[in-house]
Each structure stands twice: as C-alpha cells, then as structure tokens.
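Observations on the three-dimensional arrangement
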Amino acid sequence: MSRRTAIAAAVVAVSVLAGVLLGPHRPDRGEPSGDPAILAVAEPHLGPGRHAVSIALVDGDRTRFAQLGASPDTAYEIGSVTKTMTALLLADAAERGEVSLDQPVGDLLPLEGSPVAEVTPGELSSHRSGLPRVGGGVVDRIRSAIEVLRHRNPYDATPSEVVEEARGVSLDDRGTFAYSNLGPALLGQALAAAAGTDYRTLLRTRLLEPLDLTGTTVPRDAEDVDGHGLAASGRAEEPWALDGDAPAGGVRSTSEDMAAYLRAILDGEAPGTSALEPRWDADDDRIGLAWFTDSDGIVRHNGATGGYEAAVLLDPARDRGVVVLADTAVGVDEIGRAVLEEAS
C-alpha cells in the first residue's frame, strides 16, 4: 500500500468512527395523508427512521397517492431509476436508426485502442459490459468513499472524464452480469453523441417533454436544488447533482410525474418501451435494457443516493404500477411490492 493510499484509508476509518460517535438521531416521521388503502398496506413496512415518503399506485385508469410528510409534487432524487429512462432512450434511438444495440460503442465515442471500444450499447444497458460499478483507480475510489462518509456527492466526473475512466478499464468479465454505474453513464454519453446533443437535452426533448413530466429535472449543481435528503442516521446529505454520470442516476422527480411515466409505459405511449423486454439472465432475474423482470413477471428497478431511496414496479398482466420515493436512505422496495400486490 502506498503512503498516499494508507493516509486515505486512515481518513476513511476516522470518518467512520466519527459518524458512529457523533451522528444525529434518526429523523422524525412525517404525518400520513392520502389514500387510506395504500397507507394501510404500506404501514407495516414503513418502520422507523423515515421522514418524507411519497407513494403512487397506478391501477388501470386510476392513479392514487399516499404520503408521509409530503405531497404528490414533492421532488426526490430517484438515483438508479434514472437508468430506466436512459434505457428507453436507447431503445428509441435504435428504433430511429441512430444506434444499434450491437454496434461497438467506439463508433460513437473516442475510445479507440481501448477494450471498451468494442462493448455494445446493449451490454452497457444490461450490465454485461465488464465495466466496474464505478471508474477510476484505487485512490479515486478511496476519495469517493471519503466523500460519501462526509455526506457529499461522490460523483463529480464530466462527460469527457466518464469516457476516460472507461478507456482505462480492463474488461475481464465482459458478457457476465455485474451491476455497473459506469456502464450506463457511458451509454448516456454515447446516445447524446449519436444525437448530436448532450444527455440533459436528449432526455428532456425525447422523454420528459413528450410525456409532460414537468416536475422531473437533471440538476447540474447542488445550488440548483431546493432541500436535501437524509442519511439513515438523520444527517443531511449534499444533493447528488451529477454531470457525466447523470445517465446512471442524476434525475430528480415526483410521485406525480413518476406515476405518469409508469402509466405511459403500461400504455405503450412512452418512447422505447421495448427496453422492458427481458433478454438475458441477471442473477436470479432476467434483464432487458436496464429493467429487471422477476419470476412473477414483475418488472422493476430501484435507486439510491446519499439521502434518497426510490423504487418503481410494474405488473403488466394486471395493468398496475407503483412508485415509492423517500427522502431518507432507508430502502423502499418492500413498500412498493406490498402496495403493488395488496392495495385494493
């Protein structure tokens, strides 16, 4: 271990100890409101340590909302649920003839001479590219870990830096499922390059505006964000305003917008809905372009940032979908599953 790495590791250890000893108490739970049937199903799964939670259930032609200390237009970071939007953009771009799921990503980005140049958009979206969860060397990863422990945004790469991070990776496990943030981030930059624009503009013009998702944004700076999320301990988290990594987790949205998003997917009105089709094995599930499908036919994705959790689930056979958003880093998957399966 180098001296620099040893010092960084020591800082991590001290930060962990300080967080344990000095961390604040869990946040107070917000007041419940909204649909009583949803709240009744969700309550056993809410547990302690939550502040604001927003739930929306799409059921046929009805959409119902319930929440703790929030409203349907409360905004949250949705983390990796953003990957589902990038996946729809990929499927849409393929339908437009801008890209192919099987073409080398090096056709779209300056990756010449690197192993990742031969990776395909389909592999990037389905976590089969061989790219790691995050890019950078050991020191970069330690620095990111320190930022997480300081309750700050660890993802500060520009689009060109995301490309450079991918260029430096040796792909030892290409073709094997291994969840990655770097892969979808690189994919989003490739899709933007193919369309001659940037990722934010691509997402806005091809998905957000057509679906009238006016409460959904991709902030570039923390100063663009009102409010903040909370760690499970209750400590305030810096907003995760992402740049180059935005295609993997940079979207903020509301339960109202996310319900409209799921309704459009169920109706086949969203662009690129073929992304949901399961194509490859992914541990115990099947995966399409970002979207996971389990043995019960539930199509889903979740997301987490330093201070937020999110989950979306779809049951196409029953024409139902649910979104759960929370401003505290405590998982919400069980809430979503319960509401999807049990709420009447």
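Residues numbered from 1 in each chain as written. Predicted model: local features only at pLDDT ≥ 70, side-chain atom pairs only at ≥ 80, totals over all residues. Heavy atoms only, no water.

Taking an unreviewed UniProt entry as the reference, the protein chain is identified by name as CubicO group peptidase (Beta-lactamase class C family) belonging to Mumia flava.

For the protein chain, the count of helices and strands is 11 helices and 13 strands. Rg of the C-alpha trace for the protein chain: 20 Å, near the compact-globule value of 20 Å for 344 residues, within the 12% margin. Projecting the C-alpha coordinates of the protein chain onto the three principal axes gives extents of approximately 60 × 50 × 35 Å. Across the 344 residues of the protein chain, 52% fall into the buried class. Nonlocal contacts in the protein chain, meaning residues at least 24 apart in sequence, comprise 67% of its contacts between residues at least 6 apart. In the structure as shown, the protein chain presents an accessible area of about 14400 Å², 49% of it carried by carbon and sulfur atoms. Side chains of the protein chain give 30 positive and 54 negative charges; the mean places of these two sets differ by 4 Å. (Helix = DSSP H or I, 4+ residues; strand = E, 2+ residues; numbered from the N terminus. Rg over C-alpha atoms; globule rule 2.2 N^0.38 Å. Buried < 20%, exposed > 50% of the residue type's maximum accessible area, 1.4 Å probe, protein only. Contact = heavy atoms within 4.5 Å. Areas by Shrake-Rupley, 256 points an atom, 1.4 Å probe, with all protein chains shown as cover. Lys, Arg positive; Asp, Glu negative; His and termini not counted. Charge placed at Lys NZ, Arg CZ, Asp CG, Glu CD.)

Of note in the backbone geometry, His-151 takes a positive phi value of approximately 65 degrees without being a glycine. Within the fold, His-151 resides in the loop between helix H5 (138-149) and helix H6 (159-167). Residue His-151 is classed as buried on the basis of its relative accessible area, which comes to 18%.

The next point concerns helix H2 (residues 36-46). Given 3.6 residues per turn, any residue in an α-helix points the same way as the ones three and four places further on. Considered for burial, the residues of H2 that qualify are Ile-38, Leu-39, Val-41, Ala-42 and Leu-46. Here the buried face of H2 lies against strand S1 (32-34), strand S2 (53-59), strand S3 (62-68) and helix H11 (333-342). The residue sitting at the N-terminus of H2 and contributing the capping side-chain oxygen is Asp-35; that oxygen lies 3.0 Å from the backbone nitrogen of Ala-37. At the exit of H2 stands Gly-47, carrying a positive phi of roughly 65 degrees. (Polar contact = N/O pair within 3.5 Å; in protein donor to acceptor, adjacent residues only side chain to side chain.)

Attention shifts here to the pattern of salt bridges. Applying the stated criterion across every chain, the model contains 21 salt bridges. For Glu-43, the salt bridge goes to Arg-29, with nearest N and O atoms at 3.1 Å. In this pair, Glu-43 is assigned in helix H2 and Arg-29 in the loop between helix H1 (3-22) and S1, connecting sequence segments 14 residues apart. Its relative accessible area of 35% is what places Arg-29 among the partly exposed residues. The residue Glu-147 makes a salt bridge to Arg-150 at a minimum N-O spacing of 2.9 Å. (Salt bridge = Lys/Arg side-chain N within 4 Å of Asp/Glu carboxyl O.)

Running from amino to carboxyl end, helix H3 (residues 82-96) crosses helix H10 (residues 255-266) at an angle of 40 degrees, the nearest separation of the two axes being 13 Å. Considering how the two elements wind past one another, H3 and H10 form a crossing that is left-handed. Listed contacts from H10 to Thr-84, Met-85 and Leu-88 of H3 are Met-258, Tyr-261 and Ile-265. Its residues assigned to classes, the contact of H3 with H10 shows five nonpolar, one polar and no charged. (Axes fitted to C-alpha atoms, helices over the stretch in contact; angles between N-to-C directions. Left-handed = near helix turned anticlockwise from the far one by under 90°. Nonpolar A, V, L, I, M, F, W, Y, C, P; charged D, E, K, R; others polar.)

Attention now goes to the pairing of S2. S2 sits mainly inside the fold: six of its seven residues count as buried. Sheet topology places S2 next to S3; seven bridges connect them, and they run antiparallel. Within S3, the position partnered with Ile-55 by the bridge is Ala-66. Linking two consecutive strands that pair antiparallel, namely S2 and S3, is a turn of two residues; a positive phi of about 60 degrees is found at Gly-60 within it. Where S2 and strand S13 (residues 320-326) come together, seven bridges link them in antiparallel fashion. Paired with Ser-54 across the strands is Leu-325, a residue of S13. (Pairing = 2+ DSSP bridges.)

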